Amino acid sequence: MENYLDFVITNDLKKDIQQYFYKYGKQDTFEHTLDVVNELYDIKKQWGHIEEGSELACFCHDLGRVVKNDEIIDFCIQNQIPVLEEEKMYPSILHQKISCFIAESVFHLKDANILDAIKYHSTSRKNPKMIDIEVFLSDKMSWKEAGYKELAQKVKEAMKVSKEYAMFYYLNELHKDRESLRLYHSDTKDAFEYFREKIDRTAMQ
Ligand SMILES: [Fe+2]
Ligand SMILES: [Fe+2]
């Protein structure tokens, strides 16, 4: 396996992140990263502010994509990253935990809120923090691929109501499709149930 931890950082984190992706041939993931950061800036324009740390979390969210698909499980075992039974069915989902691990061990990030936002950017979780929500939504709204672009647009529409409503909208779409998904992660289900209840409560007030 390639040594994905063999990288020396400078004092220019954003440049380092680009260099890191380039070193492992992941220019496309770096381009996606910039798209995600731009979506975050749009959230800032729309709502007037974003959480401290959201930008850095967006920059780091997909660092784990450098690890090749057939090396994901081995990488996790080698680095004591916990792998759930359900995640073995769809190892690609582990890139969120690997991103968190690389952000911490290669890029020396220490802020627990930023690390968690990276770790749950793909599945979300029950009662996510606002930084989690901003990174999660920026990622989804950046999708340009056929079949996902429309969904990204709908999430943006939902965002006009609130960030929480946008979370509910997206998670509800996943929930409706759960039978056909390769993995409907237990954390995603928890997040869906959390927002369903939260949106219901708000509607009743
Ligand atoms: Fe991701
Ligand atoms: Fe992403």
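Every chain's residues receive numbers from 1 upward, in the order its sequence appears when written. Working convention: letters from A go to chains and numbers from 1 go to ligands, in the order in which they are written. Under the rules for a predicted model, residues below a pLDDT of 70 receive no local features and side-chain atom pairs below 80 are neither given nor counted, while totals for whole chains, interfaces and linings still include all residues.

Engineer: I would appreciate a short explanation of the overall build of the chain in the present structure.
Structural biologist: The helix count covers DSSP runs of H or I at least four residues long, the strand count covers runs of E at least two residues long, and both are numbered beginning at the N terminus. For the chain, the helix and strand inventory stands at 10 helices and zero strands. For the chain, the succession of helices and strands along the chain, N to C, is α-α-α-α-α-α-α-α-α-α. Here the radius of gyration uses the C-alpha set of atoms, whereas the globule reference equals 2.2 Å times the residue count to the power 0.38. For the chain, whose C-alpha radius of gyration is 17 Å, the value lies close to the compact-globule estimate of 17 Å for 205 residues. Once the C-alpha set of the chain is aligned to its principal axes, its extents read approximately 55 × 40 × 35 Å. Buried, partly exposed and exposed are defined by the number of other C-beta atoms within 10 Å of a residue's own C-beta, namely 20 or more, between the two limits, and 12 or fewer respectively, with C-beta atoms placed from the backbone. Taking all 205 residues of the chain together, the buried fraction comes to 38%. For the chain, restricting intrachain contacts to residue pairs at least 6 apart in sequence, the fraction spanning at least 24 positions comes to 59%. Note on contacts: residues are paired as contacts if their backbone-placed C-beta atoms lie within 7 Å.

Engineer: Explain helix H1 (residues 13-23) to me, please; I cannot follow it from the model alone.
Structural biologist: Among the residues making up H1, those that are buried are Ile 17, Tyr 20 and Phe 21. Buried residues of H1, viewed axially, fall in a sector of 95°; they line one side. Within H1, the exposed residues directed more than 90 degrees away from the buried face are Lys 15 and Tyr 22. Looking at the buried positions of H1, the neighbouring elements they touch are helix H2 (27-47) and helix H3 (54-60). One or two steps after H1, the chain reaches Gly 25, where phi turns positive at roughly 70°. What the arc describes is the spread of directions from the helix axis to the C-beta atoms.

Engineer: Teacher, can you tell me more about the environment of Ala 152 here?
Structural biologist: Counting through the fold element by element, Ala 152 comes out in helix H8 (residues 149-159). A residue is classified by how many C-beta atoms lie within 10 Å of it, and Ala 152, with 18 of them, is partly exposed. A C-alpha to C-alpha distance of 9.5 Å links Ala 152 and Ser 138, two positions 14 residues apart in sequence.

Engineer: Got a minute to help me understand the nonpolar core in this structure?
Structural biologist: Taken as a class, soluble globular proteins show a tendency for nonpolar side chains to be buried jointly. Counting residues in hydrophobic clusters, the biggest one holds 50 residues, and the most contacted among them are Ala 57, Cys 60, Leu 137, Val 155, Ala 166 and Met 167. Apart from the residues within four sequence positions on either side, Leu 137 is in contact with Val 155, Met 159, Lys 163, Ala 166 and Met 167. As used throughout, a nonpolar core is a set of buried Ala, Val, Leu, Ile, Met, Phe, Trp, Tyr and Cys residues joined through C-beta atoms within 7 Å of each other.

Engineer: Explain helix H5 (residues 95-105) here, please?
Structural biologist: Because an α-helix packs 3.6 residues into every turn, residues spaced three or four apart end up facing the same way. When you tally the buried positions in H5, you get nine out of 11 residues, the bulk of the element. Residues of H5 that are buried: His 95, Gln 96, Lys 97, Ile 98, Ser 99, Cys 100, Phe 101, Ile 102 and Ala 103. Each element contacted by the buried residues of H5 is listed here: H3, helix H4 (72-78) and helix H6 (112-119).

Engineer: Quick question: what am I supposed to make of the packing of H1 against H2 here?
Structural biologist: Note on definitions: angles span 0 to 180 degrees between N-to-C directions of axes, and those axes are lines fitted to C-alpha atoms, for helices only across the stretch in contact. Where H1 contacts H2, the axes come no closer than 7 Å and their chain directions differ by 150°. When the interaxial angle is binned, H1 and H2 end up roughly antiparallel. Every residue of H2 that contacts H1 at Gln 18, Phe 21 and Tyr 22 is listed here: Gln 27, Thr 29 and Phe 30. Ten residue types, Ala, Val, Leu, Ile, Met, Phe, Trp, Tyr, Cys and Pro, are classed as nonpolar, four, Asp, Glu, Lys and Arg, as charged, and the remainder, Gly among them, as polar. In terms of residue class, the contact of H1 with H2 is built from three nonpolar, three polar and no charged. In these notes the angle categories are as follows: under 35 degrees is roughly parallel, over 145 is roughly antiparallel, 65 to 115 is roughly perpendicular, and the rest is oblique.

Engineer: Would you mind going over the packing of helix H9 (residues 163-176) against helix H10 (residues 186-204) with me for this structure?
Structural biologist: The packing of two helices is summarised by the inter-axis angle and the distance between the axes. At a minimum axis distance of 9 Å, the contact between H9 and H10 shows a crossing angle of 125°. Taken together, the axes of H9 and H10 are oblique relative to one another. The handedness of the crossing between H9 and H10 comes out as left-handed. From H9, Glu 164, Tyr 165, Met 167, Phe 168, Leu 171, Asn 172, Leu 174 and His 175 reach across to H10, where they touch Thr 188, Ala 191, Phe 192, Phe 195, Arg 196, Lys 198 and Ile 199. Of the residues in the contact of H9 with H10, the class split is nine nonpolar, three polar and three charged. The crossing is said to be left-handed when, going from far helix to near helix, the turn is anticlockwise and less than a right angle, and right-handed when the turn is clockwise.

Engineer: How do you make sense of unusual backbone geometry when you look at a structure like this?
Structural biologist: Working note: non-glycine residues mostly have negative phi, and peptide bonds are mostly trans. Unlike most non-glycine residues, His 108 shows phi in positive territory, near 60°. Structurally, the position occupied by His 108 is in the loop between H5 and H6. Overall, His 108 belongs to the exposed group, with 9 C-beta atoms counted inside 10 Å. Positive phi outside glycine occurs at Asn 127, with the angle close to 50°.

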